[in-house]
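Take a look at the letters that make up each chain.
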Amino acid sequence: MKSELEKIITDLVNEKFNKIYKVDVFRPETKFGDFSTNIALKLAKELNASSLDIANQLADDLRSQFSEIFQEINVAKPGFLNFFLRDRYLLLDNDLNFKNEQLKDQVIVIETNNPNPFKAMHLGHALNAIIGDSLANLLEIGGARVHRVSYHGDIGSHVGKTMWAVLKHINNDPKNLISVEPNSRYKFLADMYSEGAKAYQADINIKAEIISLADQSYKLDDPIYKQVYQTCKDWSFEELDEVLKRLGSKTVERRYLESEVEPAGVEIVKKNIDKYFFLSKGALIFRGEDYGLFTTVFVSSSDRGLYAARDLGLIELKQRDFSPDKSMIVTASEQKDYFKVVIKASELCQIAKIGETNNITTGIVKLSSGKMSSRQGDAINIVWLFDEITAELSKYNKQVSQDLLVGAIRYQFLKVKLGSDIVFDIKQSISLQGNSGPYLMYAHARAQSIIRKSKQIIESVPDDFNIEDSERNLVLKIADFKDTMAKTISQLKPHLLCLYLYELSQEFNRFYEKNKVIGSDREIIRLYLVKSYAEVLRTGLLSLGIKALDEM
RNA sequence: GCACCUGUAGCUCAGUGGAUUAGAGUGUCUGGCUUCGAACCAGAAGGUCGCAGGUUCGAAUCCUGCCAGGUGUACCA
């Protein structure tokens, strides 16, 4: 309805004052009206006239020309126009098509997760995966042709740390890997990494050993090393897949590994020597300062492609595999400036079109209190969070539904503005009350319960549709869905949708408290509202990767 | 040092030009289940919107300066 109103008023203003203005209509506080516009205030300056006079003129014209739409039009103090619509114009727009002009038919490749094998997946990885996956959903809904990919570090120092501890643990005999129970492999690798990381810090001789083992991850020329490495890598991905599934993320189309993109990256750098890359202290560097950035080493003095070269290779491979119009890389904000360098280099080397690659940055997950056990270093293992939330949920139900767990975690991470740091407080993060996933799920289950129990069948808008005061706020909120969704997609900000769905559910709960549906003489109309609400909530949650439950 | 980000209620966060009382959740206090699911609802208390100027009919929101915190800044990713 918002856009329709904007069009009506824009046309009127253009005709009346012979000027082209884009009129904005917004939702004011409910006491002022259903919709408002400040166009008179803006016109007053241009026309050098009283804003109240202009508002009154517009109000008169709208009243006489569109009396079937407007119940009432008020002019308020500085010059606001406030509109109250007739009931049937408040109805939900049933056309739930969210195709976005900018996204339509665009080929977009997006990295939806990037946890490393050979170590545990921590909260930061989970945040990254949840956001990446949800953004991919939104892009799809907006009409883009989305390719989900992932990228993982299977070479380098973290591999050395884990391998050192693993080899020690199995006495350099791959056969001993059998002693690790299949369901404890994840924990095993996490422990091995932790042990290796500690030893690396503590002992200078072990440090040298680990560096050497890290080096082997590139060459794999030792048969025993290779076999153990391969097994652990396979285990890692089996476990990562499992964790990602538990997070509610969709599977990726293509999994890229650092080991495979490194040669491609080094080749690009070497092709562009003395053009964009220069030899300095034995390393190949990119002089970022020339572009307002900073110098970055792409190939080390020992002729190894560093992460910048790998990212360059990755960009090329994605280009080759998908020829995307847009490529999105989701990372933590600490890599923001670094990616400006890589993207600049990729554009200069003509691997990717200018503006094609975007780095979307998420915040960092921080801890609110230092004293948190069951973690290594300062990284909390995501599995631990699963267990904590499951324990909290089981206070209500013996059987904790996987969908509810997914909803709790995803909502928790998505409700904060994309890019903001998340201060992780365990108490708050497992809270099932207030602005939380379970709150939304609960409100949905309540609505479904009414729908199940009512004997009335209603598929479309009741003929004699009208609204009572106690129902009005819910109707207004439902009607906001389309705009909210459009905004969420065009700005790629999931928190806008989260906030909306929460407020929507609040309105539903208030409605529920005040109005009896079943047995009421307004049962048909109210049942229609309940169904509309449930449908909007279900659709909204689904786009965030959360399945609304009918019962819980 | 330079660059970017952040600073809103005890805590965690929305709100980026609009409406005499700046919004949620949480925490504290109070009230509400013989009535469609109380993982809910209603109410109270709680804020110099980091500080100081400026622009504007109007500023948490825009501009300038300052203060505080975070992140990045050549061979880790």
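It should be emphasised that the depicted structure is a prediction, and the values quoted were computed from it without experimental measurement. (Residues numbered from 1 in each chain as written. Chains lettered and ligands numbered in written order. Predicted model: local features only at pLDDT ≥ 70, side-chain atom pairs only at ≥ 80, totals over all residues. Heavy atoms only, no water.)

1. Quick look at the overall build of chain A
Of regular secondary structure, chain A possesses 19 helices and 14 strands. Judged by the C-alpha coordinates and their principal axes, chain A covers about 85 × 60 × 40 Å. Put simply, chain A has 552 residues, and 53% of those count as buried. Long-range pairs, those at least 24 residues apart, make up 74% of the contacts in chain A with a sequence separation of at least 6. When the accessible surface of chain A is totalled, it reaches about 26,100 Å², and 48% of it is carbon and sulfur. The distance from the centre of the 73 positive side-chain charges to the centre of the 76 negative ones in chain A is 2 Å. (Helix = DSSP H or I, 4+ residues; strand = E, 2+ residues; numbered from the N terminus. Buried < 20%, exposed > 50% of the residue type's maximum accessible area, 1.4 Å probe, protein only. Contact = heavy atoms within 4.5 Å. Areas by Shrake-Rupley, 256 points an atom, 1.4 Å probe, with all protein chains shown as cover. Lys, Arg positive; Asp, Glu negative; His and termini not counted. Charge placed at Lys NZ, Arg CZ, Asp CG, Glu CD.)

2. Let's talk about the protein's contact with RNA strand B
Within the structure, RNA strand B sits among 62 residues, and Glu258, Tyr307, Tyr439, Lys453 and Asn515 are positioned closest to it. Counting only atoms of RNA strand B within 4 Å of the protein, the fraction found in sugar and phosphate groups is 60%. Residue Asn38 places a side-chain N or O atom 2.9 Å away from a base nitrogen belonging to RNA strand B. The separation between a sugar or linking oxygen of RNA strand B and a polar side-chain atom of Glu513 is 3.3 Å. When contributions to the surface near RNA strand B are tallied by element, the ones reaching two or more residues are helix 2 (39-47), strand 4 (80-85), strand 9 (283-286), helix 10 (307-322), helix 15 (437-453) and helix 18 (494-514). Among the elements that make up the surface near RNA strand B, the one with the highest residue count is helix 18 (8 residues). (Near = heavy atom within 4 Å. Polar contact = N/O pair within 3.5 Å; in protein donor to acceptor, adjacent residues only side chain to side chain.)

3. Remarks on the environment of Ser302
Along the chain, Ser302 falls in the loop between strand 10 (296-299) and helix 10. By relative accessible area, Ser302 is classed as exposed at 55%. Spatially, the C-alpha atom of Ser302 lies 7.7 Å from that of Ala283, the residues being 19 residues apart in sequence. Of note is the side chain of Ser302, whose polar atom sits 2.9 Å from the side chain of Ser300.

4. Here we look at the packing of aromatic side chains
All chains considered together, the criterion is met by 17 aromatic pairs. Aromatic side chains Phe286 and Tyr291 sit 5.5 Å apart centroid to centroid with 10 degrees between the ring planes, which places their arrangement in the stacked category. Among the residues examined, Phe286 registers a relative accessible area of 0% and is labelled buried. Chaining the aromatic ring pairs together yields one cluster made of Phe277, Phe286, Tyr291 and Phe298. The cationic tip of Lys161 hangs over the ring face of Tyr200; the distance from NZ or CZ to the ring centre is 4.6 Å. We note Arg287 situated over the ring of Phe278; from NZ or CZ to the ring centre the distance is 4.0 Å. (Phe/Tyr/Trp six-rings, centres within 6.5 Å; stacked < 30°, edge-to-face > 60°. Lys NZ or Arg CZ within 6 Å of the ring centre and 35° of its normal.)

5. Side note on the pattern of salt bridges
Here the structure, examined in full by the defined rule, presents 35 salt bridges. The residue Lys7 makes a salt bridge to Asp11 at a minimum N-O spacing of 2.9 Å. In this pair, Lys7 and Asp11 both sit in helix 1 (residues 2-17), 4 residues apart, roughly one turn of the helix. The salt bridge partner of Arg185 is Glu238, with a shortest N-O separation of 3.5 Å. Of this pair, Arg185 sits in helix 6 (residues 185-202) while Glu238 is found in helix 8 (residues 223-246), placing the two residues 53 residues apart along the sequence. The buried category is assigned to Arg185, whose relative accessible area is 18%. Relative accessible area serves as the criterion here: at 44%, Glu238 is assigned to the partly exposed category. One network of salt bridges, in which partners are shared, links Asp133, Glu140, Arg148, Lys250 and Arg410. (Salt bridge = Lys/Arg side-chain N within 4 Å of Asp/Glu carboxyl O.)

6. A short note on the pairing of strand 11 (residues 326-332)
Within a regular strand, the side chains alternate between the two sheet faces. Counting buried residues along strand 11, 5 of its 7 residues qualify, which places the element largely inside the surrounding structure. Relative to strand 11, strand 5 (residues 107-113) runs parallel, the two being bridged by 3 bridges. Bridge assignment links Ile110 to a residue of strand 11, and that residue is Met328. Judged from the 6 bridges that link them, strand 11 and strand 12 (residues 357-362) form a sheet pairing that is parallel. In the sheet register, Ser327 faces strand 12, and the bridge partner there is Thr357. Handedness of the crossover is the feature at issue here: the chain leaves strand 11, passes through helix 11 (residues 336-348), returns alongside strand 12, and the resulting connection is right-handed. (Pairing = 2+ DSSP bridges. Right-handed = clockwise from strand over helix to strand, strands pointing away.)

7. Some words on the environment of Leu440
Relative to the assigned elements, Leu440 resides in helix 15. Setting aside residues up to four positions removed in sequence, Leu440 forms contacts with Tyr411, Leu501, Tyr502, Ser505, Tyr533, Leu537 and Leu541.

8. Observations concerning the side chain of Ser300
Looking at the element boundaries, Ser300 is found in the loop between strand 10 and helix 10. For Ser300, a relative accessible area of 13% puts it in the buried group. Each residue touching Ser300, except ones within four places of it in the same chain, is listed here: Gly282, Ala283 and Leu306.

9. Topic: the pairing of strand 5
Counting buried residues in strand 5 gives 7 out of 7 residues, a clear majority hidden from the surface. One ladder, built from 6 bridges, connects strand 5 with strand 6 (residues 145-152); its direction is parallel. Note on strand 6: the bridge partner recorded for Val109 is His147. Taken together, strand 5, helix 4 (residues 123-141) and strand 6 constitute a β-α-β crossover, and its handedness is right-handed.

10. Overview of the packing of helix 13 (residues 402-414) against helix 15
Contact geometry for helix 13 and helix 15: axes closest at 7 Å, N-to-C directions at 130 degrees. Of the possible angle classes, the one that applies to helix 13 and helix 15 is oblique. On helix 15, the residues touching Asp403, Leu404, Gly407, Ala408 and Tyr411 of helix 13 are Gly437, Pro438, Leu440 and Met441. (Axes fitted to C-alpha atoms, helices over the stretch in contact; angles between N-to-C directions. Parallel < 35°, antiparallel > 145°, perpendicular 65-115°, else oblique.)

11. Here we look at helix 6
For helix 6, with 18 residues, the first-to-last C-alpha span of 25 Å sits near the 26 Å given by 1.5 Å per residue. Considered for burial, the residues of helix 6 that qualify are Arg185, Tyr186, Phe188, Leu189, Ala190, Met192, Tyr193, Ser194, Gly196, Ala197, Ala199 and Tyr200. (Expected span 1.5 Å × (residues − 1).)

12. Quick notes on unusual backbone geometry
Trans peptide bonds make up the majority, and among non-glycine residues the majority have a negative phi. Phi angles above zero are rare outside glycine, and Phe118 is one such case at about 70 degrees. Within the fold, Phe118 resides in the loop between strand 5 and helix 4. Notably, Asp303 is not glycine yet its phi reads approximately 65 degrees, a positive angle. In this fold, Asp303 is placed in the loop between strand 10 and helix 10.

13. A word on the confidence of the model for chain A
Averaged over chain A, the pLDDT score is 90; the fraction of residues at 70 or greater is 97%. Taken together, the chains of this predicted complex give a pTM of 0.94 and an interface ipTM of 0.95. (pLDDT = per-residue confidence, 0-100.)

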